[in-house]
Amino acid sequence: MNDNKHARLSPSSAHRWLECPGSVTLEANYPEDIVSEFAEYGTAGHTLGEMCLTQELPAKTFKGEILNKSKHFPDGFQVDDEMIDAVQTYVDYCNDLPGKVKMVERKVDFSNWVPEGFGTADYINIHDTGRGGKNIITVVDLKMGKGVKVDSKNNPQGMLYALGVVHDPKLVRSSSDIVNIVIVQPRLDHISEWKIRVTDLL
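This part takes up the environment of Gln78. For Gln78, the location among the structural elements is in strand E2 (residues 77–78). Spatially, the C-alpha atom of Gln78 lies 9.1 Å from that of Asn68, the residues being 10 residues apart in sequence. In this structure, Gln78 is in contact with Gly64, Glu65, Ile66 and Met83, ignoring residues within four places of it in sequence.

Our next topic: the packing of aromatic side chains. What the rule picks out here adds up to 2 aromatic pairs. On the basis of an interplanar angle of 80 degrees and a centroid distance of 6.0 Å, the ring pair of Tyr41 and Phe77 is categorised as edge-to-face. Within this pair, whereas Tyr41 is found in helix H3 (residues 37–55), its partner Phe77 is found in strand E2, the two being separated by 36 residues in sequence. Here Tyr41 matches Phe77 in class, with each residue buried. Measuring from ring centre to ring centre gives 5.5 Å for Phe73 and Phe77, while their planes differ by 45 degrees; the resulting arrangement is tilted. The residues Phe73 and Phe77 share a single accessibility class, namely buried. Here a set of aromatic residues connected by ring pairs shows up, and it is made of Tyr41, Phe73 and Phe77.

Here we come to the sheet that holds strand E3 (residues 101–109). Sheet architecture is open: 5 strands sit in the order E3-E4-E5-E6-E7, paired in mixed fashion. Edge strands, defined here as strands with exactly one partner in the open sheet, are E3 and strand E7 (190–197). Looking at each pair of strands side by side, their axes are set apart by 30 degrees on average, direction ignored. Pairing geometry for strand E5 (residues 135–142) and strand E6 (residues 178–185), over 7 bridges, is parallel. From the neighbouring strand, Thr138 faces E6, where its bridge partner is Asn180.

Calculation criteria
- Starting afresh in each chain, residues are numbered from 1 along the sequence in its written order.
- Only residues with pLDDT of 70 or above have their local features reported here, since the model is predicted, and side-chain atom pairs are shown and tallied only from 80 upward, although totals for entire chains, interfaces and linings are computed over all residues.
- Based on all heavy atoms of the structure, the side-chain values leave hydrogens and waters out of the count.
- Here a strand is any run of E in DSSP of at least two residues, a helix any run of H or I of at least four, and the numbering for each starts at the N terminus.
- In this description, contact between two residues means that some pair of their heavy atoms is separated by no more than 4.5 Å.
- Any two of the Phe, Tyr and Trp rings considered here, Trp counted by its six-membered ring, make a pair once their centres fall within 6.5 Å; the pair's planes then place it as stacked at under 30 degrees, edge-to-face at over 60, or tilted in between.
- Buried means the residue's accessible area, taken with a 1.4 Å probe over protein chains only, is under 20% of the maximum for its type, while exposed means over 50%, and partly exposed covers the values in between.
- When DSSP finds two or more bridges between two strands, those strands count as paired.
- All axes here are fitted lines through C-alpha atoms, helices being fitted over the stretch that makes contact, and every angle between N-to-C directions spans 0 to 180 degrees.

Remember, this is a structural readout, not a statement about activity or role.
Here it is as structure tokens:
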């Protein structure tokens with residue numbers, strides 16, 4: 001989630017620049033520090049999710065804490081029941097995945113496909129199925145919005161993150177691996193999963 005501050009071709013806006021490359025030049029004319037309350041609330045939710053996963057604690061542990069203070073939102077965002085319920089759904093999903101390789105807020109490099117392309121995947125899980133070394137690579141993206149429902153099938157952001165994982169020789173061993181791209185959008189009670197073979201992704 002926090003990857004997009006310096007990537008000119010950011011994964012979160014890939015749906016736009018893939019369809020309209022000229023939008024990159026147009027956006028360059030606007031200050032980078034323009035932020036919305038929705039985006040900042042989302043960042044707070046991601047921060048809470050990271051805290052829960054790395055410290056192995058339930059979201060309710062942090063109730064009342066203030067997250068993501070910034071110059072635009074100096075009061076930050078309080079961890080309330082709505083944020084707790086949403087983030088716990090995401091945390092439970094991640095914790096229920098069977099793989100032993102688990103990474104939180106992992107930076108991935110997909111510059112082989114996108115110039116200077118990089119991003120930070122919210123959660124990566126790699127499960128060795130024991131079937132000829134085949135892995136199931138799950139890339140989970142938390143969406144805190146409750147406006148537009150986001151699906152994982154052919155999702156440009158998820159696919160770019162997955163390419164970054166596939167590009168990392170420390171993580172992927174076989175071209176027969178399966179990538180599971182997942183969108184968890186708890187405030188819409190929505191979890192979307194889409195599987196694709198690494199060969200097809202490439």
